[in-house]
Amino acid sequence: MERFAAMSLFQPSNLRRAISESMDKTTKRMKYHLLGTMMGVPHTIMARNLGLLGFDFVFVDAQHAQGKTVTIVRVPNLHSELITHALDAGAAGIVFPHVDTAEQAEEAVKLVRYPCSGGHRSLAPATLIPGKTDMAPPGSSPEQVADNNIAVICQIESPLGLENAEAIARTPGVDSLMMGPGDFRLSIGLPSKPIGGRKTPISSKHLKNLCKCLGIVSSL
């Protein structure tokens, strides 16, 4: 992730570009994979230690759980106040769970983008520290840097979401789709894990193939 790093440690690295460039758009083959880990222990020391281990990103799970690594935050839902907190803290990517429609995906994108990019994220003046968090290339602004860098990842966790996956993936500003296999199984009346020989649905494989055909990256 070093070549996608922001100008300041207090700004989000360009996860959108890292995701986009990981796939060859002509051959639809992966050029590289981004490797990360999930953090379920709500402590800054744990986050710092994980950041030293060489992962490309750390997945901070705010839905269920309390250097060279960027932070991806899964928020509880589209209406959570944690979205703003995660963005203001410098998250490079936001995972939105239970996205079932293109309209919800469009709303997710707007929550992450500032009005200058068609969204409705509000500005937090207190986070703009001169020479630290307000850095931007010539002709740009901190808001444009954030809008260009922060990735939007939609999680598919229901039959409706899977049915609308192509429309969700084609929504401008959506960078990746992520399968939620546990909740998906529950939504179709199966236990979260296979019991008694009941095979796992092919939903994850279907989503991966769909993303490949559309030329976007699946976060599985």
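What counts as what
- Residues numbered from 1 in each chain as written.
- Predicted model: local features only at pLDDT ≥ 70, side-chain atom pairs only at ≥ 80, totals over all residues.
- Heavy atoms only, no water.
- Helix = DSSP H or I, 4+ residues; strand = E, 2+ residues; numbered from the N terminus.
- Buried < 20%, exposed > 50% of the residue type's maximum accessible area, 1.4 Å probe, protein only.
- Areas by Shrake-Rupley, 256 points an atom, 1.4 Å probe, with all protein chains shown as cover.
- Disulfide = S-S within 2.5 Å.
- Pairing = 2+ DSSP bridges.
- Right-handed = clockwise from strand over helix to strand, strands pointing away.
- Contact = heavy atoms within 4.5 Å.
- Polar contact = N/O pair within 3.5 Å; in protein donor to acceptor, adjacent residues only side chain to side chain.

A.B. asks: Can you walk me through the overall build of the protein in this structure?
C.D. replies: Within the protein, the secondary structure is distributed over nine helices and seven strands. The 220 residues of the protein split such that 44% are buried. Surface summary for the protein: the accessible area is close to 11800 Å², and the carbon and sulfur share equals 56%.

A.B. asks: Hey, could you run me through the state of the cysteines in this one?
C.D. replies: Defined simply, a disulfide is a covalent bond joining two cysteines at their sulfur atoms. With the rule as written, the count across this model stands at zero disulfides. Take Cys211: it sits in no disulfide, and the sulfur closest to it among the cysteines is that of Cys213, at 9.4 Å. For Cys211, a relative accessible area of 0% gives the class buried.

A.B. asks: In this structure, what is going on with the pairing of strand 4 (residues 93-96)? I would like to understand it.
C.D. replies: Taken residue by residue, a regular strand's side chains alternate between the two faces of the sheet. Of the two faces of strand 4, the one carrying Gly93 and Val95 and the one carrying Ile94 and Phe96 are both buried. Sheet topology places strand 3 (residues 70-74) next to strand 4; three bridges connect them, and they run parallel. In the sheet register, Ile72 faces strand 4, and the bridge partner there is Gly93. The parallel pair strand 3 and strand 4, bridged by helix 3 (residues 82-88), forms a crossover whose chirality is right-handed. As defined by bridge partners, strand 4 adjoins strand 5 (residues 151-156) across four bridges and the pair is classed as parallel. In the sheet register, Val95 faces strand 5, and the bridge partner there is Ile153.

A.B. asks: Is there a simple way to explain the environment of His120 in this structure?
C.D. replies: Within the secondary structure, His120 sits in the loop between helix 4 (102-112) and helix 5 (142-149). Separated by 10 residues in the primary sequence, His120 and Lys110 have C-alpha atoms spaced 5.7 Å apart. With sequence-adjacent residues up to four places away left out, His120 is seen in contact with Glu107, Lys110, Leu111, Arg113 and Pro115. At a separation of 3.2 Å, a polar atom in the side chain of His120 contacts the side chain of Glu107.

Honestly, that's just the spatial picture; any functional story needs more than this.
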